[in-house]
Amino acid sequence: MAYKISDDCLSCGVCEPECPNQAISMGDAHFEINPDRCTECVGFFDQPQCRSVCPNEAPGPDPAHKETQEELLAKKARLHP
Ligand code: SF4
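Attention in this report is confined to the structure presented alongside it. (Residues numbered from 1 in each chain as written. Predicted model: local features only at pLDDT ≥ 70, side-chain atom pairs only at ≥ 80, totals over all residues. Heavy atoms only, no water.)

1. Some words on the environment of D28
Under the convention used in this document: What counts as a helix is a DSSP run of H or I of at least four residues, what counts as a strand is a run of E of at least two, and both are numbered from the N terminus. Only protein chains enter the accessibility calculation, which uses a 1.4 Å probe. A residue is then buried if its area is under 20% of the maximum for its type, exposed if over 50%, and partly exposed in between.
When you line up the elements, D28 lands in the loop between β2 (24-26) and β3 (31-33). Assessed through its relative accessible area of 84%, D28 is described here as exposed. Between the C-alpha atom of D28 and that of E57, which follows or precedes it by 29 residues, the distance is 19 Å.

Next comes the structure, spelled out in structure tokens:
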């Protein structure tokens, strides 16, 4: 399941450089995650890094983008051939 950044985002930007997939960028109101690039950090880290470093717990699972572990691994392989 891709992660999504909620309106709790403070726009501090600490998450952006931590993402191994360059999935995070500044949006209209706050930082956003591109679900096509988010793999929940599967294959890189045990925990989603954006959530780990966020001071306001803004990133969380996005029920609109449910994916299996296999699908997340396939996405990682696609992003990092
Ligand atoms: Fe990037 Fe991982 Fe956050 Fe997804 S969960 S946006 S891959 S840091």
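2. Overview of the site of the ligand
For clarity, the cut-off: A molecule or strand has a residue near it when one of that residue's heavy atoms lies within 4 Å. Each residue is assigned to one of three groups, with Ala, Val, Leu, Ile, Met, Phe, Trp, Tyr, Cys and Pro labelled nonpolar, Asp, Glu, Lys and Arg labelled charged, and all others, Gly among them, labelled polar.
Near the ligand the following residues occur: C19, P20, N21, I24, I33, C38, T39, E40, C41, P48 and C50. The residue inventory of the shell around the ligand, partitioned by class, reads 8 nonpolar, 2 polar and 1 charged.

3. Quick look at the nonpolar core
To keep things clear, this is the line we draw: Nonpolar cores were defined as sets of buried Ala, Val, Leu, Ile, Met, Phe, Trp, Tyr and Cys residues, with membership established by side-chain atoms within 4.5 Å. Contacts are assigned to residue pairs with any non-hydrogen atoms lying within 4.5 Å of each other.
Ranked by size, the top nonpolar core spans 14 residues in total, and within it I5, I24, I33, C38 and C50 carry the most contacts. Of all the elements in the fold, those that place two or more residues in this core are β1 (3-5) and β3. For I5, the residues in contact, after removing those within four places along its chain, are C15, I24, H30, F31, E32, I33, A58 and P59.

4. What about the environment of Q49?
Basically, it comes down to this: Pairs of N or O atoms are called polar contacts if they sit within 3.5 Å, as long as, within protein, a hydrogen donor faces a hydrogen acceptor (for residues adjacent in sequence, only side-chain-to-side-chain pairs).
The residue Q49 is located in helix α1 (residues 49-53) in this model. In this structure the C-alpha to C-alpha distance between Q49 and E16, which are 33 residues apart in sequence, comes to 9.6 Å. Aside from chain neighbours lying at most four places away, what touches Q49 is E18 and C41. At 2.8 Å, the side chain of Q49 forms a polar contact with the backbone oxygen of Q47.

5. What about the pattern of salt bridges?
As a reminder, the rule being used: Whenever Lys or Arg places a side-chain nitrogen within 4 Å of a carboxyl oxygen from Asp or Glu, that contact is recorded as a salt bridge.
Enumeration over the complete set of coordinates arrives at 2 salt bridges. R51 is the salt-bridge partner of E57, the closest N and O atoms lying 3.8 Å from each other. Residue class for E57 comes out exposed when judged on its relative accessible area of 53%. Between E67 and K75 there is a salt bridge whose closest N-O contact spans 2.7 Å.

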